[in-house]
Amino acid sequence: MSSKFNISKMINRCFVSATIFIASLSIQAMPLKGIVKDKSTGEPLVGTIIKIKEYKKEKTSTGLDGTFLLKDLPDAGTVTLLVNYLSYKPREITVDLSKNHQIEISMEPDAENLDEIVIKGQYNSHSNQGAISLVKNSSQILNVMSRQTIQLSPDINVASALQRISGVTMESDASGQAAYAILRGMDKRYNYTLVNGIKISSPDDQNRYIPLNLFPSDLMDRLVVSKSLTADMEGDAAGGVVDMDMKDAPSHFQLQTNMALGYSDFFFGKHDYLNAQRGNITKEAPYEQYGSEYKATMSDFKDGGTLVSSHAVPSPNMVIGLSAGNRFWNNRLGILLAGNIQNEFRGTERTFNTASMPFGEQAEVISKLQNRLYSIHDLTAGIHFKIDLNLAHHKLEWYNMYINRNENTVRYTNSIVTDYGYEPDKGDYTRDDEIRTNTQTQSIFASHLKGTHHFGDHFTVDWSGVFSRATEKDPDRTYVDIKNTIVSDSINKTVANSMERRFQHNTDKSLEGYLNLNYDTPFSFADLSWKAGAMYSRKRRENRYYSYQFNPQNISATLSGEGYSMFKGIDWYCRTPYAQASQLNYNSHENIGAVYAMLSMRFTKGEIIAGFRGEHTNQLYTMLQTFKGMGSIGEQSYWDWLPSASLKWSPTGKMNVRLNYYKSINRPSFYEIVPYEIDGEEYEEKGNPELKRARIDNIDARWEWFPSATEQVLFGVFYKYLKDPIEMSFYNNFYMPQNLGNAKNIGMEIDLIKYIRHFGIKANYTYTHSSITTTKRQYKVGSAEIETISQTRPLVNQAPHTANLSLLYKDTEHGWNGQLASSYTGSRIAIVSPYKDADEWERGLFSLDFSAEKKFKKGWSVFLKANNLTNAVRERYLKTVNDYNAQFPNQKSGRTIMGTYKYGRTFLLGIRYDL
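Residues numbered from 1 in each chain as written. Predicted model: local features only at pLDDT ≥ 70, side-chain atom pairs only at ≥ 80, totals over all residues. Heavy atoms only, no water.

With that out of the way, let us pick up the overall build of the protein. The helix and strand tally for the protein stands at eight helices and 49 strands. Here the contacts in the protein between residues at least 6 apart in sequence split such that 70% fall between residues at least 24 apart. Accessible area for the protein stands at about 39500 Å²; split by element, carbon and sulfur atoms hold 57% of it. (Helix = DSSP H or I, 4+ residues; strand = E, 2+ residues; numbered from the N terminus. Contact = heavy atoms within 4.5 Å. Areas by Shrake-Rupley, 256 points an atom, 1.4 Å probe, with all protein chains shown as cover.)

Structure (structure tokens):
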């Protein structure tokens, strides 16, 4: 009886407990959801802190889309939300939980801390919202990367950051680092770079374009890629224009600093770091020190460049950044000073095969196998200083920039020289060992003064004056070559074959002036803007190149050691004491003048722009040493007339449809039209004084949708027709620039940015198809007779498929940011061959990078950047195969491998402080 009573009592208690539990569930509220926006712009405010006054422990923050979520609130009653966001007025909002489960909160900027001029002109220019607003409201087709995105990316220089933008792929420099932008499949020569909207000089000894890895991303406010031109822009771009907007003075005092240390795993137990005593080299050629009649001896040359040692690992990589700025005089005067130092140690392992076309064959065969090991020490320092003065109707800006990069490189090469019929496991062959050491210093200085003046409500004048100077110095570049005869796998060491020491430097100075006049005429049906202007550019380039050849004193001496240790203790004498003064000793002048006029008509639902630009170009070079009967002076002079038109239709406040046309050109560089011949790093090179400018017609269309102020969906198509495109190709055994007929380039782009609370996705994909038909050479089967045929191929460096995908995470409440970024670039032609089916291709490459940041109180944060997590390997190949090539190492089915590049992974761990 008692047990039955206890069971009944237990059942009753369980029933009562279940009833209480269900009742407790019934009084739990649905989550309170909301979004926080800027009251005037409607932009979501990412990272807004929301607390509950009555529940001290309950708080949250807005995600990447400006939304928030509060849980564990009662079902009825009221709560008070405390809402705070930097530079905005704090708010207290009472919410009736019985009526509201989703709210929208509007925030007003704090006028006491942020002057009205600053709000309108600069606020949020560095944010993701500001970047999308610029894309949406621009008259051009743009892609923009904000300072916020750059800072949280895995990239430490502009070149690496740019590859995240749709339609952009990067070409690497000789050390394997991304350096040059290829836009929409158009080679780097078809694009130009601006700093704060102005062209500057290039330190590159051969080309107009600027190595973008010179610029630390830490100095950027945003990166803007223009994919269409208007008449007020210089007309020598077909792919697009990269504009690096540097940091502006903040609205209040701001101090930012960061420091990071890291390593590349390339040297971790895999390769030794090679180091030459480049501090003890000959800084200037004896020819320049003492004159052309001076007879040089070994006492004129220091030996630091020939002394190579190895270390297990180099010093750690280091990045240091500092910026400070403020506004004074009631926000009229702004001052910003920023600097950055990057000290990197990198390595590259490269295989490099040389091929040739034997008589009677129709596929190239490998004639030389090379293995190269690069050890690179790269020290880059940048500083920029900006002052802006805002008066009632006038604004003056003065910007100064200095970038310096010093790169010390040791390259060790061992090569197997073969003959057609060579079998690697039989017979004798010759092995070449070579050490190359060099110190290349590139620097850019630019000073830019700009004024903007408003006269009344309708008339505006702006002007700019720019001086820039760029230099590249490469003194005492040393090549030492040793030939070893291999007999039955035994090395018969012989004395070094030769040594060459090169001295090269160039200086590029530029003076530029710009004037723009704008008059606004409001009508009932539209607002009209009449704009006209002019520009003048004066460039002067000096290029110097001297070479000295050396032989060993004792031709019969044998060497001890193996690898790079063989190069020690060799006695030399100078075989060419009067130097070989190259045809690359020249002075160049380039004067460009331009005028333009354009009309803009802005309607409620869109905008129409039409313009016309005329540019006159005069290029003149003077050779200091004539060559093979070539004249000492050459000149090109011509006019170009460049129309442009664009249509922008905005059917809704969140959607645009664009259609653009513009005509552009591509000028030869100074270096390309000089009639030189030189033994280059990999090929015999030659200039082409008959080279003509390329002329390009460009058509673009794009549909744009902006679901919110932080999200976008872009879909575009483009078409380009190129007359006389310029490409590097082989001609009579020389690698040289040529005009190769006409070409077409068509493509499409998709760009997506979407945020859901703490998570976000950025994705883009570009398809490009180009074609050009050129003449090719081909041996008749079994004969030395050559026939000429036509073959159609893509343009150089045009990859049909490029894609980027980034997964983002941001939790402001706990201070976490993260990004996993992947990038893919499809196969593309790297080198054009004069023979049919013998072009050298670069295989498609997938890369994966990661970055993370943890913020703490009082402005401190810790960040991590990791690059090339998949240890991706670049590969060069021929599409043809044969049995002879298949016997060599590392060959793969279906293609002949011509080279590979391995770089390893890099990791950077640092701290950041914002005051």
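After that view of the structure, there is still more to cover.
By the secondary structure assignment, Asn817 is in strand S42 (residues 816-825). Of note is the side chain of Asn817, whose polar atom sits 3.1 Å from the side chain of Lys810. In contact with Asn817, not counting residues within four places along its chain, are Leu152, Tyr809, Lys810, Ser851, Ala852, Glu853 and Lys855. (Polar contact = N/O pair within 3.5 Å; in protein donor to acceptor, adjacent residues only side chain to side chain.)

Here we take up the pairing of strand S8 (residues 142-146). Across the five residues that make up S8, a large majority, five, are buried. The alternating pattern of S8 places Leu142, Val144 and Ser146 and Asn143 and Met145 on opposite faces, both of which are buried. With five bridges connecting them, S8 and strand S13 (residues 220-226) associate as antiparallel partners. Looking at the pairing, Asn143 lines up with Val225 of S13. (Buried < 20%, exposed > 50% of the residue type's maximum accessible area, 1.4 Å probe, protein only. Pairing = 2+ DSSP bridges.)

Right, let's get into the sheet that holds strand S14 (residues 240-246). What the five strands build is an open sheet, ordered S8-S13-S14-S11-S12; its pairing is mixed. The open sheet is flanked by S8 and strand S12 (198-199), the only strands paired with a single partner. Of the strands in this sheet, S8 and S13 are in contact with helix H3 (residues 128-137), which crosses S8 at around 170 degrees. (Axes fitted to C-alpha atoms, helices over the stretch in contact; angles between N-to-C directions.)

So, on to a nonpolar patch on the surface. Residues Met259, Ile320, Ile341, Leu379, Phe856, Trp860, Val862, Leu864, Leu909 and Ile911 make up a contiguous nonpolar surface patch of roughly 830 Å² in combined accessible area. Elements with a minimum of two residues in the nonpolar patch: strand S46 (860-867) and strand S49 (906-914). Examining the composition of the nonpolar patch, we find that three residues originate from one element, S46, more than from any other. Here Leu379 shows up in strand S20 (residues 365-390). (Patch = residues over 30% accessible without salt bridge, like charges linked within 9 Å, V, L, I, M, F, W, Y side chains within 5 Å. Salt bridge = Lys/Arg side-chain N within 4 Å of Asp/Glu carboxyl O.)

Taken together, Lys51, Lys56, Lys59, Lys857 and Lys858 make up a surface patch of like positive charges. With respect to the helices and strands, the residue Lys51 is situated in strand S2 (residues 49-52). (Lys, Arg positive; Asp, Glu negative; His and termini not counted. Charge placed at Lys NZ, Arg CZ, Asp CG, Glu CD.)

An order of S3-S2-S5-S6 is seen for the four strands of this open sheet, with the pairing classed as antiparallel. What marks the edges here is a single partner per strand, and that holds for strand S3 (59-61) and strand S6 (91-96). Shown here is a sheet whose adjacent strand axes are inclined to one another by a mean of 25 degrees, direction ignored.

The next thing to look at is the environment of Val168. Among the secondary structure elements, Val168 is positioned in strand S9 (residues 168-172). The sequence separation of Val168 and Gly185 amounts to 17 residues, and the corresponding C-alpha distance is 8.0 Å. With near-sequence residues (within four places) excluded, Val168 lies in contact with Leu162, Gln163, Ala181, Ile182 and Leu183.

Looking now at the nonpolar core. If you look at the biggest cluster of nonpolar residues, it comprises 32 residues, and the most contacted ones within it are Leu162, Phe215, Met220, Leu223, Met244 and Met401. Looking at this core, the elements that each hand over two or more residues are helix H5 (158-162), S9, strand S10 (178-183), S13, S14, strand S21 (394-417) and strand S22 (429-455). If one sorts the elements of this core by residue count, H5 sits on top with four residues. Leaving out residues up to four positions away in the same chain, Leu162 has contacts with Val168, Met170, Ala181, Leu212, Leu223, Val225 and Val242. Core analysis: the next-biggest nonpolar cluster, separate from the first, contains 28 residues, Phe267, Phe345, Phe567 and Trp572 among them. (Core = buried A, V, L, I, M, F, W, Y, C linked by side-chain atoms within 4.5 Å.)

Next up on the list: the packing of aromatic side chains. Applying the stated criterion to the full structure yields 23 aromatic pairs. On the basis of an interplanar angle of 70 degrees and a centroid distance of 5.1 Å, the ring pair of Tyr180 and Tyr209 is categorised as edge-to-face. A residue pair is termed long-range when its members are at least 10 positions apart, and Tyr180 in strand S10 and Tyr209 in the loop between S12 and S13 qualify at 29 residues. Neither residue differs from the other here; Tyr180 and Tyr209 are each classed as buried. Aromatic pair Tyr263 and Phe268: ring centres 5.3 Å apart, planes at 55 degrees, arrangement tilted. With relative accessibility at 28%, the residue Tyr263 sits in the partly exposed group. A relative accessible area of 45% means that Phe268 is categorised as partly exposed. Pairwise contacts between aromatic rings join Phe266, Phe267, Tyr273 and Phe345 into one cluster. In this arrangement the basic side chain of Arg350 is found over the ring face of Phe352, its NZ or CZ atom lying 4.4 Å from the centre. (Phe/Tyr/Trp six-rings, centres within 6.5 Å; stacked < 30°, edge-to-face > 60°. Lys NZ or Arg CZ within 6 Å of the ring centre and 35° of its normal.)

As a note on interpretation, predicted positions should not be read in detail where pLDDT is low. Residues of the protein with pLDDT of at least 70 account for 89%, and the chain-wide mean is 85. Counted against residues more than four places away or in other chains, residues 1-5, with its pLDDT under 50, gives zero contacts. In the predicted structure, residues 18-28 sits below a pLDDT of 50 and forms six contacts with residues beyond four places in sequence or in another chain. (pLDDT = per-residue confidence, 0-100.)

Time to look at unusual backbone geometry. Unlike most non-glycine residues, Lys858 shows phi in positive territory, near 65 degrees. Residue classification places Lys858 among the exposed positions, given a relative accessible area of 75%. Even without glycine at this site, Asn871 takes up a positive phi of about 55 degrees. Tracing the backbone through its elements, the reader meets Asn871 in the loop between S46 and strand S47 (873-878).

Let us look at the environment of Leu624. Summarising the element assignment, Leu624 is placed in the loop between strand S29 (606-623) and strand S30 (633-652). Classification of Leu624 by relative accessible area gives partly exposed; the value is 41%. Between the C-alpha atoms of Leu624 and Asn587, which are 37 residues apart in sequence, the distance is 7.8 Å. The residues touching Leu624, leaving out its near neighbours within four places in the chain, are Arg544, Asn585, Tyr586 and Asn587.

For the rest of this paragraph, the subject is the pattern of salt bridges. Per the counting criterion, the structure on display carries 52 salt bridges. Among the ionic pairs, Arg327 bridges to Asp388, the shortest N-O distance being 2.6 Å. Of this pair, Arg327 sits in strand S18 (residues 317-328) while Asp388 sits in strand S20, and the two are 61 residues apart along the sequence. The pair Arg327 / Asp388 is uniform in exposure class, with both members buried. A salt bridge links Arg895 to Glu875, with the nearest nitrogen and oxygen atoms 2.7 Å apart. Linking Arg895 in the loop between helix H8 (883-886) and strand S48 (896-902) with Glu875 in strand S47, this pair joins segments that are 20 residues apart in sequence.

This next bit is on the environment of Ile444. Inspection of the secondary structure puts Ile444 in strand S22. Not counting residues up to four positions away in its chain, the partners in contact with Ile444 are Ile200, Ser201, Pro203, Ile210, Leu214, Phe215, Met401, Tyr402, Ile403, Arg469 and Ala470.

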